[in-house]
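Coordinate analysis (summary)
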Amino acid sequence: MERRGFIKKSSLLGISIGIPSSFSLNLKEPKTVIKNSPVVIATWDVKNATKKAWDFLKNGESSLDAIEQGCMIEEADENNQSVGKGGLPDSDGNVTLDACIMDSIGNCGSVVFLKNITHAISIARKIMEDTPHVMLAGEGAESFAYSLGYEKENLLTEKSKTNWLEWKKTSKYKPIINIENHDTIGMLAIDKNGDIAGGCTTSGLAYKMSGRVGDSPIIGSGLFIDNEVGGAVATGLGEEVVKTVGSFLVVELMKNGYSPQKACEEAIKRIVSKKNSNYKDFQVAYIAINKKGETGSYSIHKGFSMTKYNNDTNQNYESDYFNN
Ligand code: SD4
C-alpha cells in the first residue's frame, strides 16, 4: 500500500541511461557470486511449468533446457487458452503462435505467426541453433518445423472454437484486462553455473486481426537476457510493451543499479506516464531476475501473479501493482 502510494505520488519522469565516459570493453568473465541459484520464475500461475523447469535445473541441466521444457508444458496444456494448443484464435478462427528464446551467450531465436505446430518455443530454439537467422515467420517457419520432423496438428480445440463462435456474434474487439491477455508464459531461469536463459510463448491476443504479431517474439520487447546482468519478460497488451521495448528497458535499468523490483516498476511507469496513456483499459506486467537470483514483478493492474520455484519450493506471488 505504502509503495503504491509512493509510486502514484512520485514523479513519473524517466531516468536517463548513461554510458560511463571511461567505457571500455570488459572481456573478463563476470565475478558475481550466485547465491540464489538455481531458480526459475514465470508469468502467471504456472506451477506445472515451473516445476518441470525446476526438475531440469535441479538435475544440473542448463537454464536453456529448463526454459524450453517448462514452456512446453503450457504449450501442450489445452486448458491454457493463451499458449500453444487450445489457444484462442484470431478473428478468422486461426490459432497463430509467437515465441522466442534467448540463451546465456546472447543468442536468440524467434518464431512469429506459426500455425499448426504446438511447440513454438522448440521451433524458436531450433531457429536459434540451426539456422543463420534469428526470426522465421508464417509458412517458412511452418515448413522449417516439418523439416525437423514435426507433424501438422489442429491447434483449435472445441472449447476455443466455441468461444470464438460466441465472440463472432458481436465481433467486438476489446481485449479484457487479465482475461483475453492472460496466461502467456514468459520464463526466466538461472542454472547451477549461474547462467541465465529465458523464453516466451503465446497464441497472442484473442481475436486479433489476422497477421497480428505481439511483443512476445520480439527480442527486447517480450524478452531480454544479459547474462552479466539478468533477464526480463513481459505479458499483457503487447502493443504497449513494444512501444517502450520493455524487457530490454528492465534489464538496462538493472544494469544501471536498479533492483529487479524497481526496474519492473520503472518500466511500468514508462507506459502509464505516457501522454494520453489509456492504461486503465489494458494490462501489462513484467517479471525480472538479476545475476544474484533476486527477483521482482510489477503490473499495471491487480490480478497478475508470478510463479517462482527455488529451494524445492513452488510459490505463486500476487504481484504488486500500480492501479487498482
Ligand atoms: C501479446 N503479450 O501477444 C502477448 C499476450 C499476453 O498473456 O501476454 N497474454 O500481446
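This is a predicted model, so every value here is computed, not measured. (Residues numbered from 1 in each chain as written. Predicted model: local features only at pLDDT ≥ 70, side-chain atom pairs only at ≥ 80, totals over all residues. Heavy atoms only, no water.)

**Some thoughts on the packing of aromatic side chains**
In total, this model carries five aromatic pairs according to the counting rule given. Taken together, a centroid distance of 5.0 Å and an interplanar angle of 80 degrees make the contact between Trp-44 and Phe-304 edge-to-face. Here Phe-304 lies in the loop between β10 (295-301) and β11 (305-310) and Trp-44 lies in the loop between β1 (39-43) and α2 (47-58), a separation of 260 residues in the sequence. The exposure class assigned to Phe-304 is buried, which follows from its relative accessible area of 0%. (Phe/Tyr/Trp six-rings, centres within 6.5 Å; stacked < 30°, edge-to-face > 60°. Helix = DSSP H or I, 4+ residues; strand = E, 2+ residues; numbered from the N terminus. Buried < 20%, exposed > 50% of the residue type's maximum accessible area, 1.4 Å probe, protein only.)

**Observations regarding the site of the ligand**
Near the ligand, the surroundings consist of 14 residues, among which Thr-184, Arg-212, Asp-215, Thr-235 and Gly-236 are the closest. Between the ligand and the protein, one listed contact pairs a nitrogen atom with a side-chain N or O atom of Thr-184 at 2.6 Å. Starting from 290 Å² of accessible surface for the ligand in isolation, the protein chains cover 100%. Tallied by class, residues from the shell around the ligand come to two nonpolar, nine polar and three charged. (Near = heavy atom within 4 Å. Polar contact = N/O pair within 3.5 Å; in protein donor to acceptor, adjacent residues only side chain to side chain. Areas by Shrake-Rupley, 256 points an atom, 1.4 Å probe, with all protein chains shown as cover. Nonpolar A, V, L, I, M, F, W, Y, C, P; charged D, E, K, R; others polar.)

**Remarks on the sheet that holds strand β9 (residues 284-290)**
Judged by pairing direction, the sheet is mixed, and its five strands sit side by side in the order β7-β8-β9-β10-β13 without closing on themselves. Looking at the sheet topology across the chains shown, the edges are occupied by β7 (223-226) and β13 (320-323). When the angles between neighbouring strand axes are averaged without regard to direction, this sheet yields 15 degrees. The pairing of strand β8 (residues 230-236) with β9 spans seven bridges and is antiparallel. Bridge pairing links Gly-231 to Ile-289 in β9. Running at roughly 145 degrees to β8, helix α8 (residues 246-255) makes contact with β7, β8 and β9 of the sheet. (Pairing = 2+ DSSP bridges. Axes fitted to C-alpha atoms, helices over the stretch in contact; angles between N-to-C directions. Contact = heavy atoms within 4.5 Å.)

**Focus on helix α9 (residues 260-272)**
With 13 residues, α9 extends 19 Å between its outermost C-alpha atoms, agreeing within 8% with the 18 Å of an ideal straight helix rising 1.5 Å per residue. Counting buried positions along α9 yields 11 of 13 residues, so the element is predominantly enclosed. If you check which residues of α9 are buried, you get Pro-260, Gln-261, Ala-263, Cys-264, Glu-265, Glu-266, Ala-267, Ile-268, Lys-269, Ile-271 and Val-272. (Expected span 1.5 Å × (residues − 1).)

**A word on the pattern of salt bridges**
Summed over all chains, the structure comprises 15 salt bridges. Here Lys-126 ties to Asp-130 by a salt bridge, and the two come within 3.5 Å at their closest N and O atoms. A residue pair is termed a helical-turn pair when its members lie 3 or 4 positions apart in one helix, as Lys-126 and Asp-130 do in helix α4 (residues 120-130) at four residues. For Lys-126, a relative accessible area of 31% gives the class partly exposed. According to the relative accessible area criterion, Asp-130 is partly exposed, its value standing at 46%. Notably, a salt bridge pairs Glu-266 with Arg-270, separated by 3.0 Å at the nearest N-O pair. (Salt bridge = Lys/Arg side-chain N within 4 Å of Asp/Glu carboxyl O.)

**Here's the deal with the sheet that holds strand β4 (residues 135-137)**
Pairing in this open sheet of eight strands is mixed, and the strands run β4-β3-β2-β6-β5-β1-β11-β12 from one edge to the other. For this open sheet the edge positions go to β4 and β12 (313-318), each flanked by a neighbour on one side alone. When the angles between neighbouring strand axes are averaged without regard to direction, this sheet yields 10 degrees. Sheet analysis places strand β5 (residues 185-190) next to strand β6 (residues 196-202), joined by six bridges and oriented antiparallel. Each bridged residue has a counterpart across the sheet, and for Met-187 the counterpart in β6 is Gly-199. Each of β2 (97-102), β3 (108-114), β4 and β6 touches α4; the most contacted strand, β3, lies at about 130 degrees to it.

**Some remarks on the environment of Ala-124**
By the element assignment, Ala-124 lies in helix α4. With a relative accessible area of 0%, Ala-124 lands in the buried category. When the C-alpha positions of Ala-124 and Val-134 are compared, they lie 8.3 Å apart, and in sequence the two are 10 residues distant. Those residues in contact with Ala-124, other than ones at most four positions away along the chain, are Ala-99, Cys-100, Ile-101, Gly-109, Ser-110 and Val-111.

**Concerning helix α5 (residues 138-147)**
Every buried residue belonging to α5 is among Gly-138, Ala-141, Glu-142, Phe-144 and Ala-145, and all of these are buried. Each buried residue of α5 lies within a common arc of 160 degrees when the element is viewed along its axis, so the set occupies one face. Turned more than 90 degrees off the buried face of α5, the exposed positions are Glu-139 and Ser-147. Turning to α5, the residues buried within the fold contact β3, α4 and β4. (Arc of directions from axis to C-beta.)

**Describing the packing of α2 against helix α3 (residues 63-76)**
Look at α2 against α3: their axes get within 8 Å of each other, and the N-to-C directions meet at 155 degrees. Here α2 lies roughly antiparallel to α3, going by the angle between them. The interaxial crossing formed by α2 with α3 has right-handed handedness. Residues Asn-48, Ala-49, Lys-52, Ala-53, Phe-56 and Leu-57 of α2 touch α3, and the partners they reach there are Ser-63, Asp-65, Ala-66, Gln-69, Gly-70, Ile-73 and Glu-74. Of the residues contributing to the contact of α2 with α3, the split by class is six nonpolar, four polar and three charged. (Parallel < 35°, antiparallel > 145°, perpendicular 65-115°, else oblique. Left-handed = near helix turned anticlockwise from the far one by under 90°.)

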